[in-house]
Amino acid sequence: MSRSVKRLHSARIIYSMVKEHYAEARGAKVAGKPVAWATALDPVELLYAFDAYPVYPENYATVIGA
């Protein structure tokens, strides 16, 4: 498998994971749960304790980079 094909395969895997994450966030919003933007350094345990769904903007940057 060539290097560019491996990169494309990795990008598709990352994209599908991030797409699923944002779909879960939309589902949480539709269900009436709060959705909170958080960075990787935020303590997400607090968000889960308040029944909020964390969304990470860094994931979107990864998709764009891939």
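Residues numbered from 1 in each chain as written. Predicted model: local features only at pLDDT ≥ 70, side-chain atom pairs only at ≥ 80, totals over all residues. Heavy atoms only, no water.

A.B. asks: Even after reading the chapter, I still don't get the pattern of salt bridges, so can you show me in this structure?
C.D. replies: Note on pairing: side chains with opposite charge can pair once their charged atoms come close. In the structure shown here, the tally under the stated rule is one salt bridge. In this structure, the salt-bridge partner of Lys33 is Asp51, at a minimum N-O distance of 3.4 Å. Taken as a pair, Lys33 in the loop between helix 1 (3-30) and strand 1 (35-37) and Asp51 in the loop between helix 2 (44-49) and strand 2 (53-55) lie far apart in primary sequence, 18 residues in all. Looking at Lys33, the relative accessible area reads 39%, which means it is partly exposed. For Asp51, a relative accessible area of 42% translates into the label partly exposed. (Salt bridge = Lys/Arg side-chain N within 4 Å of Asp/Glu carboxyl O. Helix = DSSP H or I, 4+ residues; strand = E, 2+ residues; numbered from the N terminus. Buried < 20%, exposed > 50% of the residue type's maximum accessible area, 1.4 Å probe, protein only.)

A.B. asks: Please explain the environment of Tyr56 as it appears in this structure.
C.D. replies: Of note, Tyr56 is situated in the loop between strand 2 and helix 3 (57-65). Of the residues examined, Tyr56 reaches a relative accessible area of 19% and is grouped as buried. For the pair Tyr56 and Thr39, spaced 17 residues apart in sequence, the C-alpha to C-alpha distance is 5.6 Å. Contact partners of Tyr56, with chain neighbours within four places excluded, come to His21, Tyr22, Trp37, Ala38, Thr39 and Val44. (Contact = heavy atoms within 4.5 Å.)

A.B. asks: What's the story with the packing of aromatic side chains in this structure? I'm lost.
C.D. replies: Following the criterion strictly, the structure yields one aromatic pair and no others. Aromatic side chains Tyr22 and Trp37 sit 6.4 Å apart centroid to centroid with 45° between the ring planes, which places their arrangement in the tilted category. Taken as a pair, Tyr22 in helix 1 and Trp37 in strand 1 lie far apart in primary sequence, 15 residues in all. You can call Tyr22 buried: its relative accessible area is 17%. Overall, the relative accessible area of 59% leaves Trp37 in the exposed class. (Phe/Tyr/Trp six-rings, centres within 6.5 Å; stacked < 30°, edge-to-face > 60°.)

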